[in-house]
Amino acid sequence: MKRIVILISGRGSNMEAIVRAQIPGAQVQAVISNRPDAKGLEIARSFGIAAVALDHKAYAGRDEFDAALAAEIDRFSPDLLVLAGYMRILSDGFVRHYAGRMLNIHPSLLPCFTGLHTHRRAIEAGVKVAGTTVHFVIPELDAGPIVIQAVVPVLPGDDEDSLAARVLKQEHRIYPQAVRWFVEDRLVIENGRVTVRDAQAGSEGWSVPPVED
Ligand code: GAR
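Residues numbered from 1 in each chain as written. Predicted model: local features only at pLDDT ≥ 70, side-chain atom pairs only at ≥ 80, totals over all residues. Heavy atoms only, no water.

Colleague: Quick one: what's the story with the pairing of strand β2 (residues 26-33), residue by residue and with numbers?
Modeller: Most of β2 is tucked away, with 7 of its 8 residues classed as buried. The sheet contact formed by strand β1 (residues 2-8) and β2 spans 7 bridges and is parallel. Across the sheet, the residue bridging to Val5 is Ala30, located in β2. The parallel pair β1 and β2, bridged by helix α1 (residues 13-20), forms a crossover whose chirality is right-handed. Where β2 meets strand β3 (residues 50-53), 4 bridges bridge the pair, whose relative direction is parallel. When the sheet's bridge partners are listed, Val31 is paired in β3 with Ala51. Note that the unit made of β2, helix α2 (residues 39-46) and β3 has a crossover that is right-handed. (Buried < 20%, exposed > 50% of the residue type's maximum accessible area, 1.4 Å probe, protein only. Helix = DSSP H or I, 4+ residues; strand = E, 2+ residues; numbered from the N terminus. Pairing = 2+ DSSP bridges. Right-handed = clockwise from strand over helix to strand, strands pointing away.)

Colleague: Would you mind going over the sheet that holds strand β5 (residues 102-106) in detail, with residue names and values included?
Modeller: Taken together, the 7 strands give an open sheet; going across it, the order is β3-β2-β1-β4-β5-β6-β7, and neighbouring strands pair in mixed fashion. Because the sheet does not close on itself, it has two edges, and the strands there are β3 and β7 (146-153). The mean inter-strand angle of the sheet, taken between neighbouring strand axes irrespective of direction, is 20 degrees. As paired strands, strand β4 (residues 80-83) and β5 are joined by 3 bridges and run parallel to one another. Paired with Leu83 across the bridge in β5 is Asn104. In the packing of helix α6 (residues 160-183) onto the sheet, contacts are made with β1, β2, β4, β5, β6 (129-136) and β7, and the angle to β7 comes to roughly 155 degrees. (Axes fitted to C-alpha atoms, helices over the stretch in contact; angles between N-to-C directions. Contact = heavy atoms within 4.5 Å.)

Colleague: Got a sec to walk through the site of the ligand? Specific residues and values, please.
Modeller: The full set of residues close to the ligand is Arg11, Gly12, Ser13, Asn14, Gly85, Met87, Ile105, His106, Pro107, Asp142, Leu168 and Glu171. Within the side chain of His106, a nitrogen or oxygen atom sits 3.3 Å from a nitrogen atom of the ligand. Here an oxygen atom of the ligand sits 2.7 Å away from a polar atom, N or O, in the side chain of Glu171. Look at the ligand: alone it shows 450 Å² of surface, and the protein chains cover 86% of it. For the ligand, the cavity whose grid points lie within 2 Å of the majority of its atoms is the largest pocket. Residue classes in the shell around the ligand are distributed as 4 nonpolar, 5 polar and 3 charged. (Near = heavy atom within 4 Å. Polar contact = N/O pair within 3.5 Å; in protein donor to acceptor, adjacent residues only side chain to side chain. Areas by Shrake-Rupley, 256 points an atom, 1.4 Å probe, with all protein chains shown as cover. 1 Å grid on protein atoms, 1.4 Å probe; cavity = no way out; pocket = protein on both sides within 12 Å on 5 of 7 lines; lining within 4 Å. Sits in = over half its atoms within 2 Å of the grid points. Nonpolar A, V, L, I, M, F, W, Y, C, P; charged D, E, K, R; others polar.)

Scope: geometric values only; no functional claims are made or implied.
This is the structure:
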């Protein structure tokens, strides 16, 4: 059984998608938020999952907070740490500690539009497609070996909210898929690239067609 801890900062819809996926061989042990008022904590509790708030404002700095966070996470001995709308920059030490076992989802087709306000910036740039990326976390922000991406069209008349909603639907499909692959030990990182062992043709890491069942 692979043990999963999920970090959130807010709504928690990606966390919920992963929990609802009921991935065989995996168990979400805890959901931890750096914001005590995160809606996702309530959702986690409603599933009977340990929900912990660790307020970053109570710590002197990033290193102190990340050390406390890692201590809290490690109480649950996770095989995989999942960042699901976790909106804090991570210290290098924290990233190193979870190297190769920490995934993040970002609402753009990386390496385009790292950072914040991705949908607004995509619309402003006039791109015709947008999307989302699940990747392993490295110290550089919104970078790291890419596991899976999904693409959506940017439609005439789209605003930030309509595009965000279209992308979010895809996030809810590809994040459980990426976690499932990790749990099945099928993700191989080589030279900064991820291959999915024994993937069905067409589902190796992009996802306009359906992800694997
Ligand atoms: C998601 O769109 C996720 O991709 C994004 O925050 C949202 C969280 O929603 N993450 C980032 O921007 C990280 N850089 P959720 O709390 O409902 O899952």
